[in-house]
Amino acid sequence: MKKIVLMAMLFATGMSAMAQDEIETTIGADFVNQYIWRGQECGDVSIQPTLGISYAGLSLSAWGSVGLSNTADAKEFDLTLAYTTGGFNIGVTDYWFNSPEERYFLYDAHQTSHIFEANIGYDFGVASLQWFTNFAGNDGLNKDGKRAYSSYVEANVPFKLATIDWTATAGAVPFATDFYGTSGFAVTNLSLKATKDVKVTDSFSIPVFGQVVGNPCSQKAYLVFGFTLQP
């Protein structure tokens, strides 16, 4: 989110330095009618809690997803270590699912349910660009049956229309991998998301969002609805 600076540059710089010295904590949970990730269907009605801490651009966050309507949905637990400075960001995520192996602390290359992903990106203000690549764990395979180092690139354009916050997204998989179900370069995620804060009391509001998602590669489309609860 952009900050509008209305004071002298020296004063603004001083305030920014003070803000970076503060430890911030994030606690919340999303409730969604279906779990769609990068154009892929990952589950039905789900609760997705998050817990994070950040300091001076460095952050550590935990995120999860548990199906509420379908007990067969995979349980997910992700840990992300990231660093942001200005518009630049870089990070590493450890994704874990309770399938094919339910043991969390099993890291054997041929049995683990962990997937390790690195990402790098830049927020230009009017748009942001992000690149993700799996580098270890239970990654997909390419056409030759070898580790695909599955990658995904995504562009996001935020804008405001009729008092609602919107984000247009275009995502693609550059190489063949069965992790994303692609045989080469493929556009897998075209979406438009709208978010609106619904006021409950003078001091409490609930962000509500709706999202239309299309996956040209799989020829599927989804309509997602959800809301966020946070202190």
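Draft legend 1. The overall build of the protein, seen in detail. In terms of helices and strands, the protein carries one helix and 14 strands. The C-alpha radius of gyration of the protein comes to 19 Å, within 12% of the 17 Å expected for a compact globule of 231 residues. Expressed along its principal axes, the backbone C-alpha trace of the protein runs to roughly 60 × 35 × 35 Å. Per-residue burial for the protein yields a buried fraction of 33% across its 231 residues. Sequence separation of 24 or more characterises 38% of the internal contacts of the protein that already satisfy a separation of 6 or more. Put simply, the protein shows about 14,000 Å² of open surface, and 64% of that area lies on carbon and sulfur atoms. Between the centroid of the 13 positive side chains of the protein and the centroid of its 22 negative side chains there is a distance of 5 Å.

Draft legend 2. Structural view of the sheet that holds strand S12 (residues 186-201). In space, the 12 strands of this closed barrel follow the order S1-S4-S5-S6-S7-S8-S9-S10-S11-S12-S13-S14, with antiparallel pairing throughout. Shown here is a sheet whose adjacent strand axes are inclined to one another by a mean of 20 degrees, direction ignored. Looking at chain direction, strand S6 (residues 76-85) and strand S7 (residues 88-97) are connected through 10 bridges and run antiparallel. Looking across to S7, one finds that aspartate 78 is bridged to tyrosine 95.

Draft legend 3. Local environment of the packing of aromatic side chains. Taken as a whole and assessed by the stated rule, the structure comprises 14 aromatic pairs. In textbook terms, an aromatic cluster arises when at least three aromatic residues are bridged by ring pairs, as seen for Trp37, Tyr95, Phe132, Tyr152, Phe179 and Tyr180. Over the ring of phenylalanine 209 we find lysine 193; its NZ or CZ atom is 4.6 Å from the centre of that ring.

Each value, and the rule that gives it
- Residues numbered from 1 in each chain as written.
- Predicted model: local features only at pLDDT ≥ 70, side-chain atom pairs only at ≥ 80, totals over all residues.
- Heavy atoms only, no water.
- Helix = DSSP H or I, 4+ residues; strand = E, 2+ residues; numbered from the N terminus.
- Rg over C-alpha atoms; globule rule 2.2 N^0.38 Å.
- Buried < 20%, exposed > 50% of the residue type's maximum accessible area, 1.4 Å probe, protein only.
- Contact = heavy atoms within 4.5 Å.
- Areas by Shrake-Rupley, 256 points an atom, 1.4 Å probe, with all protein chains shown as cover.
- Lys, Arg positive; Asp, Glu negative; His and termini not counted.
- Charge placed at Lys NZ, Arg CZ, Asp CG, Glu CD.
- Pairing = 2+ DSSP bridges.
- Axes fitted to C-alpha atoms, helices over the stretch in contact; angles between N-to-C directions.
- Phe/Tyr/Trp six-rings, centres within 6.5 Å; stacked < 30°, edge-to-face > 60°.
- Lys NZ or Arg CZ within 6 Å of the ring centre and 35° of its normal.

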